[in-house]
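Residues per chain are reported as follows:
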Amino acid sequence: KILSDATRFTYGDAHMEEPLRALKLAPKGQGVPVLQSLSESRTPAGGYALSMVFYAPNTPYRVWKDRMAGPDGGRIARFFGDGKKSLRAWVRLVSVKERTVELTIATLEEGEEDTALELLKDGSFAPILTAAAEEEAAEAAAKAAASP
């Protein structure tokens, strides 16, 4: 379904416009992120993954992360899935300069959790925290570093 939405012919609408607006990845009155490329692959656990690279000049990377984080963790994965915990999503900052972001939706294999993840520059994954949770963690780390 995602692949067909992303590749279907449109008359004036951006590819994936409706899902991106529904996920609040397009600020009011501004254009949605522009789909630049798609790729299909296998996850390390053998599942299917669809990666989409977006040019997102109006949507800061922090917004992408916040839409994936929070109390309902797998928000983006559940939006594209069947409402159950059958998919996982991760996000990667491709280029700050070019304002590009990669969003990957992958099938969950047995034993995997649907926790939203960030793919880091070194190729490792980290759970996505809300901006508030990241600030709390930074403050706690600063306090721990300051105490003797």
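Refer to the structure above for everything that follows.
Quick caveat, the model's predicted, so the values are computed rather than measured.

**What to know about the overall build of the protein chain**
Move 1: Tallying secondary structure elements over the protein chain gives five helices and six strands in all.
Move 2: Shown N-terminal to C-terminal, the secondary structure of the protein chain runs as helices and strands in the order α-α-β-β-α-α-β-β-β-β-α.
Move 3: Accessible surface for the protein chain amounts to roughly 8800 Å². Of this, 54% is attributable to carbon and sulfur atoms.

**Topic: the nonpolar core**
Move 1: Grouped together as the largest cluster of nonpolar side chains are 26 residues, with contacts concentrated most on Met52, Trp64, Met68, Ile76, Phe80, Leu103 and Ile105.
Move 2: Contributions of two or more residues to this core are made by strand 2 (48-55), helix 3 (61-68), helix 4 (75-80), strand 3 (87-95) and strand 4 (100-107).
Move 3: Apart from residues no more than four positions distant in its own chain, isoleucine 76 is found in contact with Leu23, Arg67, Met68, Ala89, Leu103 and Ile105.
Move 4: One finds Ala49, Trp90, Leu117 and Leu119 within the second-largest nonpolar core, a separate group that totals five residues.

**Digging into helix 3**
Move 1: Inspection of helix 3 places Tyr61, Trp64, Lys65 and Met68 among the buried residues, and these make up the whole buried set. Projection of helix 3 onto a plane perpendicular to its axis shows the buried side chains occupying an angular sector of 95°, all on one side.

**Here's the deal with the packing of aromatic side chains**
Move 1: Summed over the entire model, instances satisfying the criterion amount to two aromatic pairs.
Move 2: Judged by centre distance (5.5 Å) and plane angle (35°), the ring pair of phenylalanine 54 and tryptophan 64 falls under tilted. Placement of phenylalanine 54 in strand 2 and of tryptophan 64 in helix 3 is noted, with a sequence separation of 10 residues between them.
Move 3: Judged by relative accessible area, phenylalanine 54 falls into the buried class, the value being 1%.
Move 4: Relative accessible area serves as the criterion here: at 0%, tryptophan 64 is assigned to the buried category.
Move 5: Ring plane angle 75° and centroid distance 5.1 Å describe the contact between tryptophan 90 and phenylalanine 125, whose orientation is recorded as edge-to-face. Of this pair, tryptophan 90 sits in strand 3 while phenylalanine 125 sits in strand 6 (residues 125-127), and the two are 35 residues apart along the sequence.
Move 6: Taking relative accessible area as the criterion, tryptophan 90 reaches 11% and is therefore assigned buried.
Move 7: Look at phenylalanine 125 and you get partly exposed, because its relative accessible area is 37%.

**Overview of the environment of valine 91**
Move 1: Here valine 91 shows up in strand 3.
Move 2: Sequence separation between valine 91 and leucine 117 is 26 residues; the distance between their C-alpha atoms is 6.6 Å.
Move 3: Every residue in contact with valine 91, bar those within four places of it in the chain, is listed here: Tyr61, Trp64, Lys65, Met68, Val101, Glu102, Leu117, Glu118, Leu119 and Ile128.

So, how was this worked out
- Residues numbered from 1 in each chain as written.
- Predicted model: local features only at pLDDT ≥ 70, side-chain atom pairs only at ≥ 80, totals over all residues.
- Heavy atoms only, no water.
- Helix = DSSP H or I, 4+ residues; strand = E, 2+ residues; numbered from the N terminus.
- Areas by Shrake-Rupley, 256 points an atom, 1.4 Å probe, with all protein chains shown as cover.
- Core = buried A, V, L, I, M, F, W, Y, C linked by side-chain atoms within 4.5 Å.
- Buried < 20%, exposed > 50% of the residue type's maximum accessible area, 1.4 Å probe, protein only.
- Contact = heavy atoms within 4.5 Å.
- Arc of directions from axis to C-beta.
- Phe/Tyr/Trp six-rings, centres within 6.5 Å; stacked < 30°, edge-to-face > 60°.

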